[in-house]
Amino acid sequence: MAVVTSPVREFVHVVVSDGPGGEAGVATLVLSRPPTNAMTRQVYRETVAAAAEVGRRDDIAAVIVFGGHEIFSAGDDMPELRRLTAPEADVAARVRRGAVDAVAAIPKPTVAAITGYALGAGLTLALAADWRISGDNVKFGATEILAGLVPGGGGMARLTRAAGASKAKELVFSGRFFDAEEALALGLIDEMVAPDNVYDTAVEWAQRFLAGPAHALAAAKAGIDDVFELRPAARDAAERRRYVEVFAAGHRGADKLDPGGG
């Protein structure tokens, strides 16, 4: 593995491992702001930059979002939030949403490897990944209400999409902690493993897609996400456009192999 990170990024790093035979490999987008990976405006901006990096690099086929072996993220940095004026809070909310959307928009398969705690904005960030693997000892919570706030960054929509409206309301209204077993039952995580196996299991998941056609995977991901984001007419038009683009790309590849076109 080699760490590849911009010198201006202090808290969010990208670690890339090569795929078998020199093919595109797995990138790990690492949140590293000890001790709790509390999210600040700087962390969010660095997350946007890191998501853009892994999205555009041809040597990366799949992405893991990881907070380290101790904790995924305890959510927003509350001391920073309490110092903000209302206009500054509006800017901060936009920055937070931009980071979550940037992770969700990575045009490659993504998996959140969750350890320790995923609370508040940390839970929202995990929900932006395509798939979530959690240690069986992890504590989750949409905890913003405990500070007199509500989930931001699209957190309520993502929670509702995964768990349903009634359960999302209960979790948001109470702000209570819940364990990995309940998260699995609610569909907020996809697999629960022993704490020491979280990252390795995420790598195994990501490696399944290394040999997949990158353009088609990106189109499929965007099309599935459009089900929740776009009106039906716009969704259908986007689906047709992506189908034709992938079809045309496949024909260009076939032409290279067979100059006669078949």
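Please read all numbers here as calculations on a predicted model, not as lab measurements.

> Any chance you could break down the packing of helix α1 (residues 41-56) against helix α3 (residues 86-104) for me, citing the residues and the numbers?
The N-to-C vectors of α1 and α3 enclose an angle of 30°; their axes lie 8 Å apart at closest approach. It follows that α1 is roughly parallel to α3 by the angle criterion. As α1 packs across α3, the resulting crossing turns out to be left-handed. Contacts between α1 and α3 pair Arg41, Tyr44, Arg45, Thr47, Val48 and Ala51 from the former with Val91, Ala92, Val95, Arg96, Gly98, Ala99, Ala102 and Val103 from the latter.

> Would you mind going over the sheet that holds strand β8 (residues 139-141) in detail, with residue names and values included?
Whenever strands of a sheet pair, they do so through backbone hydrogen bonds, lying parallel or antiparallel. The strand order across the open sheet built from 3 strands is β6-β8-β9, with neighbouring strands paired in mixed fashion. What marks the edges here is a single partner per strand, and that holds for β6 (117-119) and β9 (178-179). Note that β6 and β8 share 3 bridges and pair parallel. Bridge assignment links Ala118 to a residue of β8, and that residue is Phe140.

> How would you explain the confidence of the model for the protein if you had to name every residue and give the values?
Of the residues in the protein, 89% reach a pLDDT of 70 or more, and the chain-wide mean stands at 89. This stretch, residues 257-262, has a pLDDT under 50; its non-local contacts, to residues over four places away or in other chains, come to 1 contact.

> Can you break down helix α6 (residues 165-174) residue by residue, with the values?
Residues of α6 that are buried include every one of Ala168, Leu171 and Val172, and no others. Down the axis of α6, the buried side of the element spans an arc of 95°, and every buried residue falls inside it. Turned more than 90 degrees away from the buried face of α6, the exposed residues are Ser166 and Phe173. Its buried side turned inward, α6 meets α5 (155-163), β9 and α7 (180-186).

> With reference to specific residues and values, describe the pairing of strand β7 (residues 131-135).
Of all 5 residues making up β7, 4 are buried, and the element is well covered by its neighbours. Inspection of the sheet shows strand β5 (residues 110-114) paired to β7 by 4 bridges, in the parallel sense. By the bridge assignment for β7, Ala113 is matched with Ile133. Here β7 pairs with strand β10 (residues 191-193) via 3 bridges, running parallel. In the strand pairing of β10, Ser134 is matched with Met192.

Conventions and cut-offs
- Each chain has its residues counted from 1, following the order in which its sequence is written.
- Residue-level local features of this predicted model are given only where pLDDT is at least 70; pairs of side-chain atoms are given and counted only at 80 or more, and the full residue set underlies all totals for whole chains, interfaces and linings.
- No hydrogens and no water enter the side-chain calculation; it runs on all heavy atoms of the structure.
- An axis is simply a line fitted to the C-alpha atoms; with a helix, the fit covers only the stretch in contact. Between two such axes, the angle follows the N-to-C directions and lies from 0 to 180 degrees.
- Helix numbers and strand numbers start at the N terminus; a helix is a DSSP run of H or I with at least 4 residues, a strand a run of E with at least 2.
- In what follows, roughly perpendicular refers to angles from 65 to 115 degrees, roughly parallel to angles under 35, roughly antiparallel to angles over 145, and oblique to any angle outside these ranges.
- Note on convention: the crossing is left-handed when the near helix lies turned anticlockwise from the far helix by less than a right angle, right-handed when the turn is clockwise.
- When checking whether two residues touch, look at their non-hydrogen atoms; a contact exists if any pair is within 4.5 Å.
- Being paired, for any two strands, means DSSP has found at least two bridges between them.
- pLDDT runs from 0 to 100 and stands for how confident the predictor is about each residue.
- Partly exposed residues are those whose accessible area sits between 20% and 50% of the maximum for their type, while under 20% is buried and over 50% is exposed, using a 1.4 Å probe and protein chains only.
- As used here, the arc is the angular range of directions from the helix axis to the C-beta atoms.

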